[in-house]
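# Structure assessment
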Amino acid sequence: RSRPHDKRVLVIGLGRFGSSLALELVAHGWEVLGMDSNPRLVQAFSESLTHTVVADATDDEALRQIGAHEFTRAVVAIGTHLEESILASSLLVDMGVPHIWAKATSRRHGRILQQIGAHHVVLPEHDMGERVAHLVSGRMLDYV
Ligand code: ATP
């Protein structure tokens, strides 16, 4: 495990998933560098995140310029753009980022991310579907 005092995270992709995650981390006292290739999204979160940058996560040089290789933790919150997700994750793996979380939109996508070396693969729709099933079936109710 990394040092607990290192509370810095790189979040790539500020869509619904990435922005929620980034804001939650900031609320818990983490220093978040939010990155997206869409300048409008970056502008929208420039006040609420610690740092924001417009950059292409599939560009090795751009990643190095923002110091991606110096992070202990990074999240690839790109889903729909499969190729971008795979390329960005693979670059972070090459850079030796020790803890990479990557979002997948399907089990097959998740499998590829795992194969290229992402340490944690998250499947938000699948996980949330299972969670809601527990709620629907009442299994998470506390019977008092
Ligand atoms: P959501 O979290 O909203 O469900 P999604 O799963 O549909 O998003 P995408 O739309 O593919 O995922 O990507 C999420 C964000 O990542 C978008 O804001 C997009 O601009 C950004 N993004 C996509 N490709 C790149 C890239 N190469 N570099 C930086 N950001 C990128």
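One structure accompanies this document, and this report is about it. As the structure is a prediction and not an experimental result, all values here were calculated from the model.

### Section: the site of the ligand
Taken together, 19 residues are adjacent to the ligand, and R16, D36, T80, H81 and K103 come closest. The contact in question runs from a nitrogen atom of the ligand to an N or O atom on the backbone of A57, over 2.9 Å. In isolation the ligand offers 640 Å² of accessible surface; the protein chains occlude 87% of this area. Spatially, the ligand is embedded in the largest pocket. The residue makeup of the shell around the ligand, split by class, is six nonpolar, eight polar and five charged.

### Re the environment of R108
By the element assignment, R108 lies in helix 5 (residues 107–115). As for R108 and V121, which are separated by 13 residues in sequence, their C-alpha atoms are 11 Å apart.

### Focus: the packing of aromatic side chains
Summed over all chains, the structure comprises zero aromatic pairs. The ring of F71 is capped by R8, whose NZ or CZ atom sits 4.2 Å from the centre of that ring.

### Thoughts on the pairing of strand 3 (residues 51–54)
Of the pairings in the sheet, the one linking strand 2 (residues 31–36) to strand 3 comprises four bridges and is parallel in character. Bridged to L33 within strand 3 is H51. What joins strand 2 to strand 3 is helix 2 (residues 39–44), and the crossover it makes is right-handed.

### Here we look at the nonpolar core
L10, I12, M35, L63 and L92 are the most contacted members of the largest nonpolar core, which totals 25 residues. Mapped onto this core, the elements with two or more residues apiece are strand 1 (8–12), strand 2, helix 3 (60–65), strand 4 (73–76), helix 4 (82–95) and strand 5 (99–103). If one sorts the elements of this core by residue count, helix 4 sits on top with four residues. L14, A22, L49 and A77 belong to the second largest nonpolar core, which has 11 residues in total.

### Observations regarding a nonpolar patch on the surface
Together, M128, V132, L135 and V136 give the surface a local cluster of nonpolar side chains, amounting to about 400 Å² of exposed area. Looking at where V132 falls in the secondary structure, it is placed in helix 6 (residues 124–136). Owing to a relative accessible area of 39%, V132 belongs among the partly exposed residues under this scheme.

The rules behind the values
Residues numbered from 1 in each chain as written. Predicted model: local features only at pLDDT ≥ 70, side-chain atom pairs only at ≥ 80, totals over all residues. Heavy atoms only, no water. Near = heavy atom within 4 Å. Polar contact = N/O pair within 3.5 Å; in protein donor to acceptor, adjacent residues only side chain to side chain. Areas by Shrake-Rupley, 256 points an atom, 1.4 Å probe, with all protein chains shown as cover. 1 Å grid on protein atoms, 1.4 Å probe; cavity = no way out; pocket = protein on both sides within 12 Å on 5 of 7 lines; lining within 4 Å. Sits in = over half its atoms within 2 Å of the grid points. Nonpolar A, V, L, I, M, F, W, Y, C, P; charged D, E, K, R; others polar. Helix = DSSP H or I, 4+ residues; strand = E, 2+ residues; numbered from the N terminus. Phe/Tyr/Trp six-rings, centres within 6.5 Å; stacked < 30°, edge-to-face > 60°. Lys NZ or Arg CZ within 6 Å of the ring centre and 35° of its normal. Pairing = 2+ DSSP bridges. Right-handed = clockwise from strand over helix to strand, strands pointing away. Core = buried A, V, L, I, M, F, W, Y, C linked by side-chain atoms within 4.5 Å. Buried < 20%, exposed > 50% of the residue type's maximum accessible area, 1.4 Å probe, protein only. Patch = residues over 30% accessible without salt bridge, like charges linked within 9 Å, V, L, I, M, F, W, Y side chains within 5 Å. Salt bridge = Lys/Arg side-chain N within 4 Å of Asp/Glu carboxyl O.

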